[in-house]
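Each chain, letter by letter, is given below.
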Amino acid sequence: MGRGIKVNAILPNAIRTPLAGTAPAKVIESLIAPQTIKRMGEPGEVGYAAAFLISVRALFVTGTSLPVDGGFFA
């Protein structure tokens, strides 16, 4: 019997956070280089993905991994 529990994951890559701001430029460049979108992501962009996964629009979504990575895995 199901318990109504859904399990999903968000997979961010280079996100502009206070900790990322302390990384050397070469580290950030190496994270961004393979991405299709050549910039760091914003924390809110990860939040949008989370908001989708907890919304009624994702009621039938479970067991998925959602890359929020600027195309890193594309």
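Residues numbered from 1 in each chain as written. Predicted model: local features only at pLDDT ≥ 70, side-chain atom pairs only at ≥ 80, totals over all residues. Heavy atoms only, no water.

1. Section: the environment of L59
Here comes step 1: For L59, the location among the structural elements is in the loop between α2 (43-53) and β2 (65-68).
Here comes step 2: Once the C-alpha coordinates of L59 and M40 are considered, the two residues, 19 residues apart in sequence, prove to be 29 Å apart. (Helix = DSSP H or I, 4+ residues; strand = E, 2+ residues; numbered from the N terminus.)

2. Some points on the confidence of the model for the chain
Low-pLDDT stretches of the model should not have their predicted coordinates read in fine detail.
Here comes step 1: Of all residues in the chain, 99% have pLDDT values of 70 or greater, and the mean over the chain is 95.
Here comes step 2: Per-element confidence in the chain is highest for α2, whose mean pLDDT is 98, and lowest for helix α1 (residues 25-32), whose mean pLDDT is 95. (pLDDT = per-residue confidence, 0-100.)

3. Focus on the nonpolar core
Here comes step 1: If you look at the biggest cluster of nonpolar residues, it comprises five residues: A14, A20, I28, I32 and M40.
Here comes step 2: Among residues more than four places away in sequence, those in contact with A20 are I15, I28 and M40. (Core = buried A, V, L, I, M, F, W, Y, C linked by side-chain atoms within 4.5 Å. Buried < 20%, exposed > 50% of the residue type's maximum accessible area, 1.4 Å probe, protein only. Contact = heavy atoms within 4.5 Å.)

4. Focus on the environment of R39
Here comes step 1: Mapped onto the elements of the fold, R39 is located in the loop between α1 and α2.
Here comes step 2: Given a relative accessible area of 39%, R39 falls into the partly exposed group.
Here comes step 3: Considering only alpha carbons, one finds R39 and R16, 23 residues apart in sequence, at a separation of 9.4 Å.
Here comes step 4: Excluding residues that lie within four positions of it along the chain, R39 makes contacts with I32 and E45.
Here comes step 5: Engagement of the side chain of R39 in a polar contact is seen with the side chain of E45, the distance being 2.7 Å. (Polar contact = N/O pair within 3.5 Å; in protein donor to acceptor, adjacent residues only side chain to side chain.)

5. Points about the pattern of salt bridges
Here comes step 1: In total, this model carries two salt bridges according to the counting rule given.
Here comes step 2: Between E42 and R16 there is a salt bridge, with the nearest N and O atoms lying 3.0 Å from each other. Highlighted residues: E42 in the loop between α1 and α2 and R16 in the loop between β1 (9-12) and α1, separated in sequence by 26 residues.
Here comes step 3: According to the relative accessible area criterion, E42 is partly exposed, its value standing at 32%.
Here comes step 4: Between R39 and E45 there is a salt bridge; the shortest N-O distance is 2.7 Å.
Here comes step 5: Taking relative accessible area as the criterion, E45 reaches 29% and is therefore assigned partly exposed. (Salt bridge = Lys/Arg side-chain N within 4 Å of Asp/Glu carboxyl O.)

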